[in-house]
Amino acid sequence: MDYTGKNVLVVGMARSGVAAAQLLCAKGAHVTVNDSKTEQDLADTIHPLEGLPITRRFGCPADSLLEGQDTLILSPGIPDKATFVIEARKKGIRVIAEIELACQLSQGDLVAVTGTNGKTTTVTLLDEVFRHAGRNSHAVGNIGYPYSLAVLNGKPGDMYVCECSSFQMETIDTFHPHAAALLNITEDHLNRHGTMEEYTRLKMRMFENQTSDDFAVFNADDPRLVPLRDQVKSRVLLFSRKHEVENGAFVRDGNVIFRLDGRENAICPAADIYIPGPHNLENALAAVCIAYVSGVAADTIADTLRSFRGVEHRIEFTRTLDGVTYYNDSKGTNVDSTIRAVETMTRPTVIILGGSDKHCDFTPLAESMLASGQIREAVLIGVTADQIEYTLRANGFQAIHRAGSLKEAVECSRALAGNGWNVLLSPACASFDMFKDYEDRGRQFKEIVRAM
């Protein structure tokens, strides 16, 4: 795609929007940037745009800027059903996501990962695998590093490992990963997408431009994914921690095996995988599939699985104090993600729950907390505290406490925890009621814990 001399409007000046504007300028486009916030409010966010030949239109609605535009680049936070987006399409303006722009302009290789949970861990692990294999690799997309910025700074032949969210998938067009994995599907973002059917449809868009030369990787242990396998044109690989699969990655007699067209390769003992929990075994198996069909040797994959230490905010060890171990799982922004953290706990645990509402049912979480036998106390914060308390009590979990702030929740948890216990921040909710984002929430938790 040639953007030379094209008029492009970029709406939303978070990291991805700023990066899209930078890349478009480098490709010779006439760029207009817009955000409902004022330039003063955006402050340091737009600092990378200093000195670039860009038209700035801040603190005003985007619909007033559509005339004469060829393309509209949307921030993931803006739904494609927004009024100005609908109007742009009526005017014949092409509407695309930032990751679509980057994919069009990239001269490297692309693999991708989506799913409700495990995306960031799997993408970061794959990035490490490719780096250990000698590739110049970039972990991009929803992970927080814009794909466009990586393309701007990258070189021909680089590897891009893209974390894809359902928000980003609303406005792709030619996005085409050679290998892509759908890790799981559970309730999330229904406040935006409305139904599970729409949420699932958007997740599946990641595969829509693949051909028979590409690979689509699915979790064989997730029953929601079974009917989706027939919807792709690419070769299907499965991964399972519970049983063998015809083509893909699985565990046999405690060893991770990759099988393709009848040929098997032993990767490593599953016990060698450093990151803990059954969900991380699934993430590792998905990574094995993508890495292997991308040409990475088995011993390189194995070495990375043994050395990879996980990602920040995902069951992240923070500190042990007075016999109590504190874990930051602020990335637990939905029910299923927190269930996975609960299942990883092997000692008595105080869990901190609550945040902003994503219209999810907390019943499966309550059932998981009771089934685990390790969750002894729950401290609730945020907008969803009432809803969570009602659901927990209705399902028979009564050891519930309330806190007005995260600091108060940590102090309460410390008082409740005994020697040999854990304190786990895994909110099962988004963070926007009290924090900038889940990263802000997690870092504040770590600061509070380390200051004790």
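Everything here concerns the structure above.
None of these values were measured; they are calculated from a predicted model. (Residues numbered from 1 in each chain as written. Predicted model: local features only at pLDDT ≥ 70, side-chain atom pairs only at ≥ 80, totals over all residues. Heavy atoms only, no water.)

Trainee: What should I look at first to understand the overall build of the protein in this one?
Mentor: Counting its regular elements, the protein contains 16 helices and 20 strands. Dimensions of the protein, computed from C-alpha atoms along their principal axes, come out at roughly 65 × 55 × 40 Å. Within the protein, contacts between residues at least 6 apart in sequence are counted, and of these 66% link residues at least 24 apart. Split by element, the accessible area of the protein, about 18000 Å² in all, is 47% carbon and sulfur. (Helix = DSSP H or I, 4+ residues; strand = E, 2+ residues; numbered from the N terminus. Contact = heavy atoms within 4.5 Å. Areas by Shrake-Rupley, 256 points an atom, 1.4 Å probe, with all protein chains shown as cover.)

Trainee: Sorry if this is basic, but what is going on with the nonpolar core here?
Mentor: Soluble globular proteins tend to pack their nonpolar side chains together in the buried interior. Y147, F175 and F218 are the most contacted members of the largest nonpolar core, which totals 57 residues. At six residues, the largest contribution of residues to this core is made by helix 1 (residues 15-26). Beyond its immediate chain neighbours, meaning those up to four positions away, F218 contacts L182, M204, F207, L225, L228, R229, V232, V236, L237, L238 and F239. In this structure, F130, F258, A284 and A298 belong to the second largest nonpolar core, which totals 44 residues. (Core = buried A, V, L, I, M, F, W, Y, C linked by side-chain atoms within 4.5 Å. Buried < 20%, exposed > 50% of the residue type's maximum accessible area, 1.4 Å probe, protein only.)

Trainee: In this structure, what is going on with the environment of I93? I would like to understand it.
Mentor: Looking at the secondary structure, you find I93 in the loop between helix 3 (83-90) and strand 5 (94-97). For the pair I93 and V350, spaced 257 residues apart in sequence, the C-alpha to C-alpha distance is 52 Å. Discounting chain neighbours no more than four positions away, the residues touching I93 are L66, Q69, D70, T71, L72 and A88.

Trainee: Is there a simple way to think about the pattern of salt bridges in this case?
Mentor: Between side chains of opposite charge, pairing is possible as soon as their charged atoms come close. Under the defined criterion, the tally for this structure stands at 29 salt bridges. We note a salt bridge from E316 to K446, for which the minimum N-O separation is 3.0 Å. On the criterion of sequence distance, the pair formed by E316 in strand 15 (residues 316-321) and K446 in helix 16 (residues 438-451) is long-range, its members being 130 residues apart. Residue classification places K446 among the buried residues on the basis of a relative accessible area of 6%. One salt-bridge network, held together by shared partners, links R241, E282, D336 and R340. (Salt bridge = Lys/Arg side-chain N within 4 Å of Asp/Glu carboxyl O.)

Trainee: I'm lost on the sheet that holds strand 15 in this one. Help?
Mentor: As a general point, the strands of a sheet are linked pairwise by backbone hydrogen bonds and lie either parallel or antiparallel. Judged by pairing direction, the sheet is mixed, and its six strands sit side by side in the order 15-16-20-17-18-19 without closing on themselves. The sheet is open, and its two edges are formed by strand 15 and strand 19 (400-402), each paired on a single side. Shown here is a sheet whose adjacent strand axes are inclined to one another by a mean of 20 degrees, direction ignored. Pairing of strand 17 (residues 349-353) with strand 18 (residues 375-380), which is carried by five bridges, proceeds in the parallel orientation. In the strand pairing of strand 18, I352 is matched with V379. Packed on one face of the sheet, helix 16 meets strand 15, strand 16 (324-328), strand 17 and strand 20 (422-425) and runs near 15 degrees to strand 15. (Pairing = 2+ DSSP bridges. Axes fitted to C-alpha atoms, helices over the stretch in contact; angles between N-to-C directions.)

Trainee: Honestly, the sheet that holds strand 5 in this entry has me stumped. Any pointers?
Mentor: Here we have five strands laid out as an open sheet, ordered 3-2-1-4-5, and parallel in their pairing. For this open sheet the edge positions go to strand 3 (54-58) and strand 5, each flanked by a neighbour on one side alone. Neighbouring strand axes in the sheet, compared pairwise and without regard to direction, differ in orientation by 20 degrees on average. With four bridges joining them, strand 1 (residues 7-11) and strand 4 (residues 71-74) adopt parallel strand pairing. If you follow V8 over to strand 4, its bridge partner there is T71. Across the sheet, helix 1 touches strand 1, strand 2 (30-35), strand 3 and strand 4, and the angle it forms with strand 1 is around 165 degrees. Where helix 4 (residues 98-105) meets the sheet, its contacts fall on strand 4 and strand 5, and the angle it forms with strand 5 comes to roughly 90 degrees.

Trainee: Teacher, can you tell me more about helix 11 (residues 298-307) here?
Mentor: One turn of the α-helix equals 3.6 residues, which is why residues spaced by three or four share an orientation. Looking only at helix 11, the buried set comprises A298, T300, I301, A302, T304 and L305. Elements in contact with the buried residues of helix 11: helix 5 (119-132), strand 14 (263-269) and helix 10 (278-293).

Trainee: What should I look at first to understand the side chain of D35 in this one?
Mentor: If you trace the backbone, D35 turns up in strand 2. Buried charge without a partner: D35 forms no salt bridge, and the closest opposite charge is K37, 5.7 Å away. Looking at D35, its side chain comes within polar contact range of the main-chain nitrogen of M13, at 2.8 Å. A polar side-chain atom of D35 sits 2.8 Å from the main-chain amide nitrogen of K37. (Lys, Arg positive; Asp, Glu negative; His and termini not counted. Polar contact = N/O pair within 3.5 Å; in protein donor to acceptor, adjacent residues only side chain to side chain.)

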